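# Structure at a glance
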Amino acid sequence: GYLPGTAAAGVPSLANAAVPQRDSGGKKRILMLISDTGGGHRASAQALEAALKELYPNQLEISIVDIWTQYSPWPFNTCVAGYAFLQKRQ
């Protein structure tokens, strides 16, 4: 099986990317992992980002990352495009 934080051959590990840290400016870093498949994941993450930045102005550095497209090996990194393709042809 595959354990979180370990990488299969040729797959980048997210072990260090997902750990909230402070950057040199003292801001907390937040990483939101989404699947950009048209179900509102990106819109929800962006709404959370806006709300957090309003609640904590100039205190956060927020990144929104499509885990499938950016960190998965082939053929999984084609899932988002494949899903969009199939959705249009229902």
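Read on for an overview of the structure. All values derive from a computational prediction rather than experimental measurement.

Throughout the structure, instances matching the rule amount to 3 salt bridges. Ionic pairing is found between Glu61 and Arg29, a salt bridge with its closest N-O pair at 3.8 Å. Here Glu61 is found in strand β2 (residues 60-66), whereas its partner Arg29 is found in strand β1 (residues 28-34), with 32 residues between them in sequence. Here Arg29 falls in the partly exposed class, since its relative accessible area comes to 36%. Note that Lys53 and Glu49 form a salt bridge whose closest N and O atoms lie 3.4 Å from each other. Note that Lys53 and Glu49 are positioned in helix α1 (residues 41-55) at a spacing of 4 residues, about one turn of the helix. Since its relative accessible area comes to 40%, Lys53 is described here as partly exposed.

Okay, the pairing of β2 next. Summarising burial for β2: 5 of the 7 residues are buried, a large majority. Summarising the sheet, β1 and β2 pair through 7 bridges and their orientation is parallel. In the sheet register, Ile30 faces β2, and the bridge partner there is Ile62. Considered for its hand, the β-α-β crossover made up of β1, α1 and β2 is right-handed.

A separate point is the nonpolar core. Counting residues in hydrophobic clusters, the biggest one holds 6 residues: Met32, Ile34, Ala45, Leu60, Ile62 and Ile64. Elements represented by at least two residues in this core include exactly β1 and β2. A total of 3 residues in this core trace back to one element, the largest contributor, which is β2. Beyond its immediate stretch of four places on either side in the chain, Ile62 contacts Ile30, Met32, Glu49, Leu52 and Lys53.

This next bit is on the side chain of Ser72. Among the structural elements, Ser72 can be located in the loop between α2 (67-71) and α3 (79-88). For Ser72, a relative accessible area of 16% corresponds to the buried category. In terms of polar contacts, Ser72 uses its side chain to reach the backbone carbonyl oxygen of Ile67, at 3.4 Å. Here the side chain of Ser72 touches Trp68 through a polar contact of 3.4 Å, landing on its backbone oxygen. Discounting chain neighbours no more than four positions away, the residues touching Ser72 are Ile67 and Asn77.

With an omega of 5 degrees, the peptide bond between Trp74 and Pro75 qualifies as cis. Along the chain, Pro75 falls in the loop between α2 and α3. Unusually for a residue other than glycine, Asn58 sits at a positive phi of about 60 degrees. Tracing the backbone through its elements, the reader meets Asn58 in the loop between α1 and β2.

Rules used throughout
- Numbering of residues starts from 1 in every chain and runs along the sequence as written.
- With pLDDT at 70 or above as the cut-off, local features in this predicted model cover only qualifying residues; side-chain atom pairs require 80 or more to be listed or tallied, and sums for whole chains, interfaces and linings still use all residues.
- Each side-chain value is worked out from all heavy atoms of the structure, with water and hydrogens disregarded.
- Here, a salt bridge means any Lys or Arg side-chain nitrogen found within 4 Å of an Asp or Glu carboxyl oxygen.
- Strands here are runs of E lasting at least two residues and helices are runs of H or I lasting at least four, both read from the DSSP assignment and numbered beginning at the N terminus.
- Residue exposure (1.4 Å probe, protein chains only): buried if accessible area is under 20% of the type maximum, exposed if over 50%, otherwise partly exposed.
- Strand pairing follows a simple DSSP-based rule, namely that at least 2 bridges must link the two strands.
- Looking down the strands as they point away from the viewer, one classifies a crossover as right-handed if the path from the first strand across the helix to the second runs clockwise.
- Note on terminology: a nonpolar core comprises buried Ala, Val, Leu, Ile, Met, Phe, Trp, Tyr and Cys residues joined through side-chain atoms within 4.5 Å.
- Throughout, a contact is declared for two residues whenever any of their heavy atoms are within 4.5 Å.
- Side-chain atoms alone can form a polar contact between residues adjacent in sequence; in general such a contact is a pair of N or O atoms within 3.5 Å, and within protein one must be able to donate a hydrogen while the other accepts it.

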